[in-house]
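What follows is the residue order along each chain.
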Amino acid sequence: MSGYKMTVMLAWRNVWRNKRRSFLTFMTIAAGTALILFMRSLQNGGYAQMIEDSVAPRTGHIQVHEKGFWENMTLEYAFMDDNELFNKISSMKNVKGISKRISTGGLLTHRDSSAGCEILGIDPERERDIITMDRYVLPGGKFISPSDKNGIVLGRALARVLDAGVGDEVSLVSQGFDGSIAAKNFMVRGIFKSPNVQYNRTLGIISLDAAREVFSMMGHVTAYAIRASDIDSVAGLAARIRSVTDDTFEVMSWDRLNPEILQFIALDRASGHIFVMILYLIVAFGILNTIQMSVYERTREFGIMLSIGTGPERIFRMILTESFFVSAMGIALGMILGYGLSWYFTVYPMDFSEYESEMEMYQVSTLVYYAKIKISDFIRASVIVFLLAGVFSYFPARRASRLDPVTSMREL
Amino acid sequence: MGKGVRMKVIEIKNLHKTYQSNGQEVHALRGIDLDIESGEFSAIAGPSGSGKTTLLNVMGGIDRPDEGDVIISGQTMKGLSESELSKIRLNRIGFIFQAYNLIPVLSAVENVEYVMLLQGVEKHERREKALAMLRDVGLEKESHRRPAQLSGGQQQRVAVARAIVSGPEIVLADEPTANLDQKTGSSLLDLMKNLNHERGTTFLFSTHDPMVMDRAERLIRITDGRITL
């Protein structure tokens, strides 16, 4: 056995000297690591779901507009529909779907009630690849069809304000692309309730053809909406689209289309960091406590070891190795527990659908939370716990290696 | 191996040591001069607090004197760094303490091997020597037991084996029989005496046990930090 092997063997056996204490420390590290990983997985899943809940019903992953449209949302910023550009984008890698849109503000009236709204004209066939709004139509209604020039689908809250139901006729008044008054009666085909509260309050959806007609678009549209094959390919795809559009266009990806989601995620991540830091500290102090107690209890033993010629550096290495073993086992167990817990909530997400009305009151639109496991979180957590173990073991190890043999041998 | 020509193993010159105890200055050693020759079986005797353990610690390089010098086989210990002192303790001195001498997580044979391992002795040679040493101290059958599974006397025998296995120039034993009953203590002394005769190992004890004093070939009396021959 080499000196190194002896150090490792001594450390390993020392870990098992006090089984109860070692077990408690493993459990502290394991529980802390598992909770950190589980929390991170829940955050990942929650954020992904929030993004999906914002992107899927309405915005899509990427939109191409004329510059200024997104801030003003008026037909003044519509652009001439360019089939060549449309087809070029359509044939790009990672494009799952692309559709033309016309959207602008308007006033909807039903009997004595009226409400400001956003009217969105879409091609329902193409939009099936981009948004999921048709899935949110409540029973008793239906989504608009491509050829339906008289139908409208309203958000539930908007319908409530208008006191309109399926089959009712509502009147739209707005301004056309050419500056004329745009006015038309629409039949309510369906009422949707999407995960996004804002859309439920303000959105009315009509067919693209109806929008072209009512707003006198003269071949213009306000946006091309695009869905990428997955969220991670959005940035690359947006860059490619930018390279084929001129300066009059703006290519906006989901994070700019839904900045509030990014803000919420940033805020939530910050509070999550605090919680995770507390967990890391619990783990770190668990390690410190074990190593400190273990060093304190063995003061005389270290005195003897130093007396018979053990170098201080060997004692230092031995204690750090003990800390490594305790941490490694705790982390391994924590990873298994964290993975298991996260996996369970990946398969069986937390569903708060039955508390929908309460959550709507607090403007929480995401009702289903699942966990999403990321290997990078596992690597990060294990590296941080190891670093903490190293830092928090360093001082007890240094203390033990610097003990005065005479004084320490008086300890019992 | 018998005793041949005697050489000075340790020379002590004008050793002074003062330490603080409960806020009071204690003069543990007050100008000690002493020579220990190879093959001696000697005891430093004195009442509690007379300075015998301090003297042994300073001789072994575990403690440093305030004044004076300890020379081991011509090598002065004055001005040596901790690491140099550690090497001297490892290679030239064997230690036996009152109790709790052994590393609890190592078996008897591993405890005996430990010092040789620090010295860089090859595994095979190390194990062979350690087992032979345990055989010499009558513990061959207990070689794989850990200290907690051994009696106090057996533990001290393992400590003796560890102290002499690598052939140190001197073995310093601080009250080695203090925690043992008379029979076990006597048996331990017999063992050390045999090793002294057969191997020529130099033993120096600190003790206030009359049995140890009786067996010692030379008795060095110490009182209030002074040798009172």
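What counts and what doesn't
Residues numbered from 1 in each chain as written. Chains lettered and ligands numbered in written order. Predicted model: local features only at pLDDT ≥ 70, side-chain atom pairs only at ≥ 80, totals over all residues. Heavy atoms only, no water. Helix = DSSP H or I, 4+ residues; strand = E, 2+ residues; numbered from the N terminus. Rg over C-alpha atoms; globule rule 2.2 N^0.38 Å. Buried < 20%, exposed > 50% of the residue type's maximum accessible area, 1.4 Å probe, protein only. Contact = heavy atoms within 4.5 Å. Areas by Shrake-Rupley, 256 points an atom, 1.4 Å probe, with all protein chains shown as cover. Lys, Arg positive; Asp, Glu negative; His and termini not counted. Charge placed at Lys NZ, Arg CZ, Asp CG, Glu CD. Pairing = 2+ DSSP bridges. Domains from an automatic or database assignment. Phe/Tyr/Trp six-rings, centres within 6.5 Å; stacked < 30°, edge-to-face > 60°. Lys NZ or Arg CZ within 6 Å of the ring centre and 35° of its normal. Axes fitted to C-alpha atoms, helices over the stretch in contact; angles between N-to-C directions. Parallel < 35°, antiparallel > 145°, perpendicular 65-115°, else oblique. Left-handed = near helix turned anticlockwise from the far one by under 90°. Nonpolar A, V, L, I, M, F, W, Y, C, P; charged D, E, K, R; others polar. Salt bridge = Lys/Arg side-chain N within 4 Å of Asp/Glu carboxyl O. Core = buried A, V, L, I, M, F, W, Y, C linked by side-chain atoms within 4.5 Å. Expected span 1.5 Å × (residues − 1). Arc of directions from axis to C-beta.

Asker: What exactly am I supposed to notice about the overall build of chain A here?
Answerer: Counting secondary structure elements, chain A contains 16 helices and 13 strands. Over its C-alpha atoms chain A spans a radius of gyration of 31 Å, topping by over 25% the 22 Å that the globule rule assigns to 412 residues. The principal-axis extent of the C-alpha atoms belonging to chain A is close to 100 × 45 × 30 Å. Evaluated residue by residue, chain A yields a buried proportion of 52% over its 412 residues. Put simply, 79% of the contacts in chain A that link residues at least 6 apart link residues at least 24 apart. A total accessible area of about 18,800 Å² is found for chain A, and carbon and sulfur atoms account for 58% of it. Of the charged side chains in chain A, 43 are positive and 42 negative, and the gap between their average positions amounts to 14 Å.

Asker: So what exactly am I meant to see when it comes to the sheet that holds strand S1 (residues 8–21) of chain B here?
Answerer: Residues and elements named next belong to chain B. Spatially, the 4 strands line up as an open sheet ordered S2-S1-S4-S5, and their pairing is antiparallel. Edge positions in the open sheet fall to strand S2 (24–37) and strand S5 (75–76), since each of these has one partner strand only. Summarising the sheet, S1 and strand S4 (residues 67–72) pair through 5 bridges and their orientation is antiparallel. When the bridges of S4 are listed, glutamate 11 appears paired with isoleucine 71.

Asker: What should I look at first to understand the domain arrangement of chain A in this one?
Answerer: One frequently used descriptor of interface size is the decrease in accessible area upon assembly of the parts. Splitting chain A by domain gives domain 1 (3–54 + 262–409) and domain 2 (68–246). Between the C-alpha centres of domain 1 of chain A and domain 2 of chain A the distance comes to 49 Å.

Asker: What is the right way to read the packing of aromatic side chains from this model?
Answerer: Geometry of an aromatic ring pair is reported as the spacing of the ring centres plus the angle between the planes. All chains considered together, the criterion is met by 19 aromatic pairs over all chains. Seen from their ring centres, phenylalanine 95 of chain B and phenylalanine 97 of chain B are 5.7 Å apart, and the 5° between their planes marks the pair as stacked. Since its relative accessible area comes to 4%, phenylalanine 95 of chain B is described here as buried. Both rings, one in phenylalanine 203 of chain B and one in phenylalanine 205 of chain B, keep their centres 6.0 Å apart while their planes meet at 10°; by these two values the pair is stacked. A relative accessible area of 0% places phenylalanine 203 of chain B in the buried class. The positively charged end of lysine 100 of chain A is found above the aromatic ring belonging to phenylalanine 86 of chain A, 4.6 Å away from the centroid. Between the NZ or CZ atom of lysine 184 of chain A and the centre of the ring of phenylalanine 186 of chain A, over which it lies, the distance is 5.6 Å.

Asker: Help me out: how do you make sense of the packing of helix H11 (residues 259–297) of chain A against helix H13 (residues 312–347) of chain A in this one?
Answerer: Geometry of a packed helix pair, given as the angle between the helix axes and the separation of the axes. All names here are of chain A. Where H11 meets H13, the axes come as close as 11 Å, and the angle between the chain directions of the two elements is 140°. By the criterion of interaxial angle, the relationship of H11 to H13 is oblique. In the packing of H11 onto H13, the handedness of the crossing is right-handed. On the side of H11, the interface is formed by Ile287, Ile291, Ser294 and Val295, while H13 contributes Ile319, Glu322, Ser323 and Ser327. Along the lines of polarity and charge, the residues of the contact of H11 with H13 split into 4 nonpolar, 3 polar and 1 charged.

Asker: Help me understand the pattern of salt bridges in this model?
Answerer: When the charged atoms of two side chains with opposite charge come close together, those side chains can pair. Here the structure, examined in full by the defined rule, presents 28 salt bridges over all chains. The closest approach of N and O atoms between arginine 13 of chain A and glutamate 110 of chain B, which form a salt bridge, is 2.6 Å. Placement of the pair is arginine 13 of chain A in helix H1 (residues 3–15) and glutamate 110 of chain B in helix H3 (residues 108–119), with the two residues belonging to separate chains. Both residues of the pair, arginine 13 of chain A and glutamate 110 of chain B, count as buried. One salt bridge connects lysine 129 of chain B with glutamate 125 of chain B, and the closest N-O pair in it is separated by 3.4 Å. With lysine 129 of chain B and glutamate 125 of chain B both in helix H4 (residues 123–136) and 4 residues apart, the pair spans about one turn of that helix.

Asker: Sorry if this is basic, but what is going on with the pairing of strand S8 (residues 203–207) of chain A here?
Answerer: Along a regular strand, successive side chains alternate from one face of the sheet to the other. All names here are of chain A. With 5 of 5 residues buried, S8 lies mostly within the body of the structure. Sheet topology places strand S5 (residues 151–155) next to S8; 2 bridges connect them, and they run antiparallel. Its bridge partner being in S8, valine 153 is matched across the sheet by isoleucine 205.

Asker: What exactly am I supposed to notice about the nonpolar core here?
Answerer: Taken as a class, soluble globular proteins show a tendency for nonpolar side chains to be buried jointly. Residues Leu55 and Met59 of chain B are the most contacted members of the largest nonpolar core, which totals 77 residues. Every residue in contact with methionine 59 of chain B, bar those within four places of it in the chain, is listed here: Ile10, Ile12, Ile36, Ile44, Val70, Ile72, Met77, Ile93, Leu172 and Leu204 of chain B. Ranked by size, the runner-up nonpolar core spans 51 residues in total, among them Ile62, Val188, Ala210 and Met217 of chain A.

Asker: Got a minute to help me understand H4 of chain B in this structure?
Answerer: In an α-helix, one turn spans 3.6 residues; hence positions three or four apart end up facing the same way. Residues and elements named next belong to chain B. Counted at 1.5 Å a residue, the expected span for H4 with its 14 residues is 20 Å, and the 20 Å between its end C-alpha atoms agrees. Of the residues making up H4, those classed as buried are Arg126, Ala130, Met133 and Leu134. Seen end-on, H4 carries its buried residues on one side only, within an arc spanning 100°. Among the structural elements, H3, helix H5 (152–164) and helix H6 (182–199) are those in contact with the buried residues of H4. The positive-phi residue at the C-terminal boundary of H4 is glycine 138, with phi of around 80°.

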